[in-house]
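Take a look at the letters that make up each chain.
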Amino acid sequence: MGCMVSQLAAKFAFFPPSPPTYQIKKRDDGKLTVVSSSTPSIPIPNADDTSLDVLLIDTKRGNKIVAFYLRNPYARLTLLYSHGNAADLGQLYDLFVQLKLNLRVNLMGYDYSGYGASTGKPSESNTYSDIEAVYQCLETEYGVSQEDLILYGQSVGSGPTLHLASKLPRLRGVVLHSAILSGLRVLCHVKFTFCFDIYKNINKIKKVKCPVLVIHGTEDDVVNWLHGNGLWKMAREPYEPLWIKGGGHCNLELYPDYIRHLCRFVQEMEKLTTETRLKKIRQSLRLHTRHKVSANRCCKVKCWRPKFLCPDCSCRPSCTKCSCQPSCTECSCQPSCTKCSCQPKCLECCWRPSCPECSCQPKCLKCCWRPSCKKCCWQPKCLKCSKPTCCIKCLCWQCCVGTHSGGLDRKEDG
């Protein structure tokens, strides 16, 4: 049942232009060229343009997809563009040229399986294998690493874009243009993710570890603006979004703010060095570990314990149960308190003496380590009966133990 619903959702998600707007032909030198379907004699672009590479890429699912690679000699970054559901590379070529020049990037665009001159049938799983094959081509053929790559996904293209972005932890950035939360959420407003849903971007956006720019039109009647706003709120590192007032689903490129905001994003990504990214990662790690127990703290008590050193081997022993200071691991000596030379204890695992009769745990008023006699001015108190009197000879609590071997009729010491 879930598979049938998923196939039905795919039919609503993919509308490849029919017939395709371009054709692939092989030149005399063996290189591929693109010609218009309406006028096959006219190549796209001009025959003397060497900035475009036309590629046929094999996917792991056995399809051959068409890709355009546009070079910019001044580029520092590469943009991997995943288009919407009702377009192919022939319609997008002019846009690719403008983006290449204005953003000063190399640009790789591709047609999904079943789109344009690509073989196979369009499906969610095919688009995932398509973008993975294109990324592998960028790595092997053009030497593009993920640190120098920006992923761009428009509409349905946000699905394969976030799929790949969730697997690449060192990406430079991600752009989501009129993106969707999931395929089913476009058709109806549901609050839950079903197993037969497609393009579950709502789950994958949380795994993206690079800056995410969201662009969406406020008057989008195909994918509601709430989709873009939801993705932006759930991004781990959201960039300042662009909400184009009055913008629809397929006309955002016509607004001046679109290219202006996109240029600023690319420029900031160029300045984002490895050192800066590592600094942000360290800051995020500190936030995650702020509430965790530090190595210099005793158990879960948020107070610093004294740092003891073994007098024989100068090691810093710690408790195997809670990281407090029991004994040296090398010579089994007992480290002592730096204030009164008593034995350290742990507040969590009871490394301190207790009353033998009532099991209370009296504290030293001076350093809170162990009870002793009031003769040495520490004044311990029994927590059960609140009487401070003790015997200096046997360290027994008279209030709880009673008469000891020496008797209580003699004069008390202290």
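In case you missed it, the structure is sitting above this.
Residues numbered from 1 in each chain as written. Predicted model: local features only at pLDDT ≥ 70, side-chain atom pairs only at ≥ 80, totals over all residues. Heavy atoms only, no water.

Chemist: Pulling in residues and values, what's your account of the sheet that holds strand β10 (residues 242–244)?
Modeler: Read across the sheet, eight strands follow the order β3-β4-β6-β5-β7-β8-β9-β10 without closing on themselves; strand pairing throughout is mixed. Either end of the sheet is taken by a strand with one partner, and the two such strands are β3 (52–58) and β10. Taken over all neighbouring pairs, the strand axes of this sheet differ in orientation by 15° on average, direction set aside. Inspection of the sheet shows strand β5 (residues 78–82) paired to strand β7 (residues 149–154) by five bridges, in the parallel sense. Among the inter-strand pairings, Y81 is bridged to a residue of β7, identified as Y152. Packed onto the sheet, helix α4 (residues 158–165) meets β5, β6 (106–110), β7 and β8 (173–177) and runs at close to 150° relative to β7. (Pairing = 2+ DSSP bridges. Helix = DSSP H or I, 4+ residues; strand = E, 2+ residues; numbered from the N terminus. Axes fitted to C-alpha atoms, helices over the stretch in contact; angles between N-to-C directions. Contact = heavy atoms within 4.5 Å.)

Chemist: Now, about the environment of A235: what can you tell me, with residues and values included?
Modeler: The topology assignment puts A235 in the loop between α7 (225–234) and β10. The buried category is assigned to A235, whose relative accessible area is 9%. If we ignore the near neighbours within four places in the chain, the residues touching A235 are I205 and V212. (Buried < 20%, exposed > 50% of the residue type's maximum accessible area, 1.4 Å probe, protein only.)

Chemist: Explain the pairing of β3 residue by residue, including any values.
Modeler: Judged by how many residues are buried, β3 sits mostly within the fold: five of seven residues are covered. Where β3 meets strand β4 (residues 64–70), seven bridges bridge the pair, whose relative direction is antiparallel. Bridge pairing in β4 links L52 to L70. What sits between β3 and β4 in their antiparallel hairpin is a turn of five residues, with G62 showing a positive phi close to 85°.

Chemist: Summarise the packing of helix α2 (residues 89–103) against helix α8 (residues 256–271); cite the residues concerned and give the values.
Modeler: Packing of α2 against α8 brings their axes to within 10 Å, and their N-to-C directions diverge by 50°. If you check the angle between α2 and α8, you find them oblique. Once α2 is placed against α8, the crossing between them reads as right-handed. On the side of α2, the interface is formed by L99, N102 and L103, while α8 contributes Y258, I259, L262, C263 and V266. Class assignment for the residues of the contact of α2 with α8 results in seven nonpolar, one polar and no charged. (Parallel < 35°, antiparallel > 145°, perpendicular 65-115°, else oblique. Left-handed = near helix turned anticlockwise from the far one by under 90°. Nonpolar A, V, L, I, M, F, W, Y, C, P; charged D, E, K, R; others polar.)

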